[in-house]
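Listed here are the chains, written in short residue letters.
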Protein chains: 2
Amino acid sequence: MWLRQMVSSRNLDVVFYPRSVALIGASKEVGFYIDPISASRLREKFFLVNPRSSEISGLKCYPSILDVPEPVDYAIFAVPAKIVPEALEDCGRKGVRVAHIYSSGFSETGLEEGKMLEEEVLKIAKNYGIRVIGPNCMGVYCPESGLFFAHNLPSEVGSVAFVSQSGGQAVNFVFEGVSHGFSFSKVVSYGNALDVDFVELVDYLAEDPKTSIIGAYVEGLRKTEGLLETLKNASEKKPLVILKGGKTGDGARAAASHTGVLAGSAKIWEGFLKQVKAVSVDTFEDMADAIVGFLYAFPPKGRGVSIVTTSGGSAVIHTDLCVKVGLNVPSFSEETQGALRKIIPIAGASIRNPLDAWMAFQGGILPEALNTVSQDEYIHSLIIELQPGGFKVYTARDPSAVDKFTLILGETCKKIMNEHGKPTMIVVTKSIYSEFEAKIKNTFQNMNLPVYQSIYDAAKALSKLYQHQLSREVR
Amino acid sequence: MWLRQMVSSRNLDVVFYPRSVALIGASKEVGFYIDPISASRLREKFFLVNPRSSEISGLKCYPSILDVPEPVDYAIFAVPAKIVPEALEDCGRKGVRVAHIYSSGFSETGLEEGKMLEEEVLKIAKNYGIRVIGPNCMGVYCPESGLFFAHNLPSEVGSVAFVSQSGGQAVNFVFEGVSHGFSFSKVVSYGNALDVDFVELVDYLAEDPKTSIIGAYVEGLRKTEGLLETLKNASEKKPLVILKGGKTGDGARAAASHTGVLAGSAKIWEGFLKQVKAVSVDTFEDMADAIVGFLYAFPPKGRGVSIVTTSGGSAVIHTDLCVKVGLNVPSFSEETQGALRKIIPIAGASIRNPLDAWMAFQGGILPEALNTVSQDEYIHSLIIELQPGGFKVYTARDPSAVDKFTLILGETCKKIMNEHGKPTMIVVTKSIYSEFEAKIKNTFQNMNLPVYQSIYDAAKALSKLYQHQLSREVR
């Protein structure tokens, strides 16, 4: 009954919220499904199928899906490709509604045999009304319902959805989220996209109330029907961040080997992404950085950024890199400079922008300095760089100073964002003091602040956010 | 007598190999000089000067440099800017040969007062024949002689020299070297470059037999005399990797605030760097990655790279990124594909390039596959991506499998480089299994192999190495 209510509105609900799950071809080799699902809220409704074993990892094994004593909504196929059609027939008879085919050996091999096998699978699935995820994919991670596709995935529920043609990248991106301080509503690796595809998934997630941002990795599409409208609609509703793989000629060829689809030309895709107002990125790090910006900050109202750092060299290099990504680092107004001059001793400091003032970090005057900067009319966003090594030295005599400092700085950043409407990014640089670095970073992430590993990363995210904002204004 | 011999050939020897060192204005605040130097081979010849203390960190303090009972070659100034001239006069009378002025508050403030103070310092230094490093700088790190400018710097001696206008970046880059697996011959932060400047330092390092590669961070120059000839000569002798700070208008303004010099226009610099055949980079990560390539590999003979990975998504994205940086990822020859087909099972694998074959990593057939790839005529370099998480899973049943695998893979890479003349880069990606990741990375680094954090990083390095090679061919 619970399921019926869930699936009434949109037919992909059963993909993310199955009542029960079976793993066909269960073995220790796919412990990355068995271990986490058997520990999740689905544990009582998770069934292993393997005719050659009676028990795996302490769980009973059934010889066939037809022997499972309860209804099964969602079946994971981890059997050789050739066996899939037969097992799928059994699923049809059992009343299974979703077949997630983990197995590879289909069209992605480029062999005629693999393509024919896919056609056979699709025919059986259509015959029984089974939705197919894959083949050649990791499937679904939905911590809310209890679906997992790898070890050590967080059970925390967040609001980021991620759709990926690649299985490895789907798993990797969840960990990228962990290190960037965000969690997921739903992640899908859809592989060869024989049935459920990119367009349908994005369409579903656009309407999903549990999802506030959609990230997507796509190589190419079997069907482009409804693509433009779907992406347009989705990016009207929530930020849509897309990494298009196979933009170059060599890359398109690699994509064809990977998931058996033609990747299309770079120009067509770039035009598409611009037209549908998606945020286009080149790497997963950039995608995660942009998502952090959307989640914990917001688009700046202009290109002017202030860099606040303790290193003059960093200030110079990163000014160049900000300009390179389309921001600018304007001089503070005379008024701001005058106000800063009253707060910060002059020797060894630059108070024009970047604000290079280690004594401000050491002397406890940083909140006032940041407040001053945030009121400058030429400044639309701030990036504050913290070098853990420096902190470690300053706070050696009073260990509690770190906690105090991070808390005050965090509150200051929130205040600047709330009261002055200027996104304020915190950078915690890589350090040999890795534990110390992690501690500072975690404190800010737990305060739901946008944390980056370098000024360059923060600048790229701000630039993406600004472009997103511009695309919304030009209608 | 020892010193006289050292300095006879080039007059900057005393800067790097002083017989004795004094720290004027010693206090716990500059423990980053006191602690490491007092633990180095200079410890018996290291003297603290401070009229207000008799002892700091267990070391005797002298009221004035004139009270130090032995000759002093190298004095570090950590006193307020205004006191520097007077203390320098004392140094002159003492016979000090190098004054490294850590103190800031000179021309970099943009104030007339600071500029005048610098002129005064230069006059006194010239009068006594004292060479000045700085002001506003960290000075010299030379593990061979015992000079250190921060806590926790490695005492290992390497062959990389680094010259930096910025003190913070000089320190940071040493740690960047540590994480990239290389050590230093000499590092100099020269700050405002009142006397010893970029040109003179590069000129010295070009002839330094202990230095095989020179990295440099430069914002702008007070004097450009001899610049072109010096850089040309240096890059004829050894790779010269330059990060130019202040390339953009905003960046140049930031540089003026930082070290009180005009940074010059981007175009002039880019032209310069090309003309002198230097390797130009935009970030310190890229500099370290290029250095790793020169140290542990060599320039490829062409643009064709093979990507070997266990993730199809990674293969596609990184093919695009390789193309973006000027490499290409050509299909293997028919011959290579045929040979690979005999080694690698087809399902889930792509054997065209990228070589996406997790079973090759798992099944122990990787060396043979790599050897086959390295003999392909279209392939000039290889990048092998290892995902620590995958390893962890494969080797769960036999922990010694990791050591065996890394050793065999490392030997295979060396063989490919030595016998087929193709640079072979190893990528160990970021992982939640950070200890495991570090262990694998360290094993390869200890074998003196080129290790990178992403295929993109390795590709950027290969591209820089290839450009370097091309610039040598076009004379």
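Everything quoted here is computed from the prediction, not taken from an experiment.

Visitor: Just checking my understanding: could you explain the relation of the copies chain B and chain A for this structure?
Guide: One copy of the chain maps onto the second through a rotation around an axis plus a translation along that axis. Structural alignment of chain B on chain A gives an RMSD of 0.0 Å, achieved by rotating through 180° and translating 0.0 Å along the axis. A rotation of that kind, with that shift, is consistent with a two-fold axis. Every residue of chain B has its C-alpha some distance from the rotation axis, and the shortest such distance is that of Ser434(B), at 5.5 Å. With an isologous cut-off of 70% or more, the 98% of interface residues of chain B that recur at the interface of chain A puts this contact in the isologous class.

Visitor: I keep staring at the sheet that holds strand β11 (residues 213-218) of chain B and nothing clicks. Help me out?
Guide: As a general point, the strands of a sheet are linked pairwise by backbone hydrogen bonds and lie either parallel or antiparallel. All names here are of chain B. Read across the open sheet, the 6 strands follow the order β8-β10-β9-β11-β12-β13; overall the sheet is mixed. Taken across any chain shown, the strands that pair with only one partner, and hence form the sheet edges, are β8 (139-141) and β13 (279-281). Going from strand to strand, the sheet's axes swing by 20° on average, the running direction of each strand aside. Where strand β9 (residues 157-164) meets strand β10 (residues 184-189), 6 bridges bridge the pair, whose relative direction is parallel. Bridge pairing in β10 places Val160 opposite Phe184.

Visitor: What should I look at first to understand the packing of helix α13 (residues 334-343) of chain A against helix α15 (residues 366-374) of chain A in this one?
Guide: Packed helices, taken two at a time, are described by their axes: the angle between them and the distance between them. All names here are of chain A. Taken N-terminus to C-terminus, the directions of α13 and α15 make an angle of 175°; their axes are 9 Å apart at the nearest point. Here α13 is positioned roughly antiparallel relative to α15, judged by the angle of their axes. Where α13 abuts α15, its residues Thr336, Ala339, Leu340 and Ile343 lie against Glu368, Ala369, Thr372 and Val373. Of the residues contributing to the contact of α13 with α15, the split by class is 5 nonpolar, 2 polar and 1 charged.

Visitor: What's the story with the interface of chain B and chain A in this structure? I'm lost.
Guide: Quite often, the size of an interface is put as the accessible area lost when its parts meet. Facing the 52 residues of chain B at the interface are 51 residues of chain A. Where the side of chain B that touches chain A is concerned, the elements lending two or more residues are α6 (167-180), α9 (249-259) and α12 (312-324) of chain B. At 10 residues, α12(B) tops the list of elements feeding residues into the side of chain B that touches chain A. Of the residues contributing to the side of chain B that touches chain A, the split by class is 18 nonpolar, 26 polar and 8 charged.

Visitor: I'm lost on helix α11 (residues 284-296) of chain A in this one. Help?
Guide: Count 3.6 residues to each turn of an α-helix, and residues three or four apart come out pointing the same way. Under the 1.5 Å per step criterion, the end-to-end length of α11(A) is 18 Å for 13 residues, consistent within 8% with the ideal 18 Å. Regarding α11(A), the residues found buried are Phe284(A), Met287(A), Ala288(A), Asp289(A), Ala290(A), Ile291(A), Val292(A), Gly293(A), Phe294(A), Leu295(A) and Tyr296(A).

Procedures and definitions
Residues numbered from 1 in each chain as written. Chains lettered and ligands numbered in written order. Predicted model: local features only at pLDDT ≥ 70, side-chain atom pairs only at ≥ 80, totals over all residues. Least-squares fit on C-alpha atoms with pLDDT ≥ 70 in both. Contact = placed C-beta atoms within 7 Å. Pairing = 2+ DSSP bridges. Helix = DSSP H or I, 4+ residues; strand = E, 2+ residues; numbered from the N terminus. Axes fitted to C-alpha atoms, helices over the stretch in contact; angles between N-to-C directions. Parallel < 35°, antiparallel > 145°, perpendicular 65-115°, else oblique. Nonpolar A, V, L, I, M, F, W, Y, C, P; charged D, E, K, R; others polar. Expected span 1.5 Å × (residues − 1). Buried ≥ 20, exposed ≤ 12 C-beta atoms within 10 Å, placed from the backbone.

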